[in-house]
Amino acid sequence: MRISEPRIVAALAEMHVDLQHGAALADLTSLGIGGTTDLLRIKKHENLPDLLNLLDANHVPHKFLGGGSNLLVGDGELPWVVLQLVRPEPDVVLDGNFAHVDAAADLGRMITFCAKNDLGGMEGLIGVPGTVGGALRMNAGAYGMQIGSYVREVKLYRAASRQIEILRGEQISFEYRHTSFAPDDMMLAVILELPSKPFKEILQGIRICNEKRRSSQPLGQKSAGCIFKNPPGASAGRMIDELGLKGLSVGDARVSDRHANFFVNAGHASANDMLNLIADVRERVQKTYGVSLENEVVVWNA
Ligand code: EPU
């Protein structure tokens, strides 16, 4: 979708929004898949309500993009524009055990920065790609920990009130890869309370998790992490592996040889290739195990 009306273009500039015409979502997602649309990069959080009012008044549908690391975007010209926050400098400010973090901050860099200041707890998340905002929305987790456990306060744009609001940690429910945020709420900033730990000790934890991840996940390849959520008490990766589906392909979309719940783009996979592969694997798991796997990856299909 293209924004060309001069009146809207001028209003965007006034709101400190950078308009990039025809951005390729394939370049903005870790899967390297996705068509084109206009990208609106937001420099000032406080202008979001006005921006969304402007888009709605002009019937311009939109979606919020974080780090693009858990996302499968459709092919071709996309029927909505994409909004993304510009990362401010600095993006993390520490105050005792509290880390004030912008939603656009890189998750791994934030964890490392806190570690260097003797604040730990999130070692398990070190290899998870993406932004802090994305991790928050999905309640990213790994190796027995999840980001939600450390959240004390979230600043967000709430679609329901059309305003920027602040929620306390206990007002938000964080479950396995799920939160109580509405799909069109936009994370803006978070305050995390992290336990004090010596840097050396945190580093040791980080090294162990990195090693585990390197040995079991296809880190060098284009993927969106795990495609399916684990069903209660079971592992989607193990089930897909047991069915002998590693290496199964549709075009260049392929079930990883290393971890069967990672589907990789081995070349120039289209969204349709990936969606067909997902549907095929889901059907085979359903047939054998009687379990309907739920997507973990977020799909933006037209
Ligand atoms: N397994 C296989 N074959 C495979 C993959 C896994 O037999 O191809 C077996 C493993 O040997 C192990 C069990 O399945 O016994 C579980 O595997 P793993 O430890 O890799 O954990 P997982 O349940 O597959 C979850 C998260 C990952 C997270 C890891 C580590 C989900 C859907 N996945 O994977 O998160 O990194 O634990 O904590 O919850 C993600 O969210 O995108 C993601 C990759």
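Here, the structure is the one placed above.
Figured I'd write up the structure that's included with this text. (Residues numbered from 1 in each chain as written. Predicted model: local features only at pLDDT ≥ 70, side-chain atom pairs only at ≥ 80, totals over all residues. Heavy atoms only, no water.)

Here we look at the pairing of strand β10 (residues 151–158)
So, point 1. As paired elements, β10 and strand β14 (residues 186–193) share 6 bridges and run antiparallel to each other. The residue bridging Lys155 from the neighbouring strand is Ala189, located in β14.
So, point 2. Pairing geometry for β10 and strand β11 (residues 163–168), over 6 bridges, is antiparallel. Across the sheet, Glu153 pairs through a bridge with Arg168, a residue of β11.
So, point 3. Taking the residues between adjacent antiparallel strands as the criterion, β10 and β11 are bridged by 4 residues, where Arg162 takes a positive phi near 60 degrees. (Pairing = 2+ DSSP bridges. Helix = DSSP H or I, 4+ residues; strand = E, 2+ residues; numbered from the N terminus.)

A closer look at the site of the ligand
So, point 1. Among the 20 residues in the neighbourhood of the ligand, the closest are listed as Tyr143, Tyr176, Asn230, Arg238 and Glu296.
So, point 2. Take Ser235: an N or O atom from its side chain is 3.3 Å from an oxygen atom of the ligand.
So, point 3. Expressed as a share of its isolated accessible area of 820 Å², the protein-covered part of the ligand is 73%.
So, point 4. Of all the elements in the fold, those that place two or more residues in the shell around the ligand are β15 (222–226) and α6 (236–242).
So, point 5. When residues of the shell around the ligand are assigned to their parent elements, the largest contribution, 3 residues, is made by α6.
So, point 6. Per-class residue counts for the shell around the ligand are 7 nonpolar, 7 polar and 6 charged. (Near = heavy atom within 4 Å. Polar contact = N/O pair within 3.5 Å; in protein donor to acceptor, adjacent residues only side chain to side chain. Areas by Shrake-Rupley, 256 points an atom, 1.4 Å probe, with all protein chains shown as cover. Nonpolar A, V, L, I, M, F, W, Y, C, P; charged D, E, K, R; others polar.)

Overview of helix α2 (residues 48–57)
So, point 1. Every buried residue of α2 is listed here: Leu48, Pro49, Leu51, Leu52, Leu54 and Leu55.
So, point 2. Taken from the residues just after α2, His59 is the one with a positive phi, measuring 55 degrees. (Buried < 20%, exposed > 50% of the residue type's maximum accessible area, 1.4 Å probe, protein only.)

A look at the environment of Asp27
So, point 1. Mapped onto the elements of the fold, Asp27 is located in the loop between β1 (17–24) and β2 (36–42).
So, point 2. In this structure the C-alpha to C-alpha distance between Asp27 and Gln171, which are 144 residues apart in sequence, comes to 36 Å.

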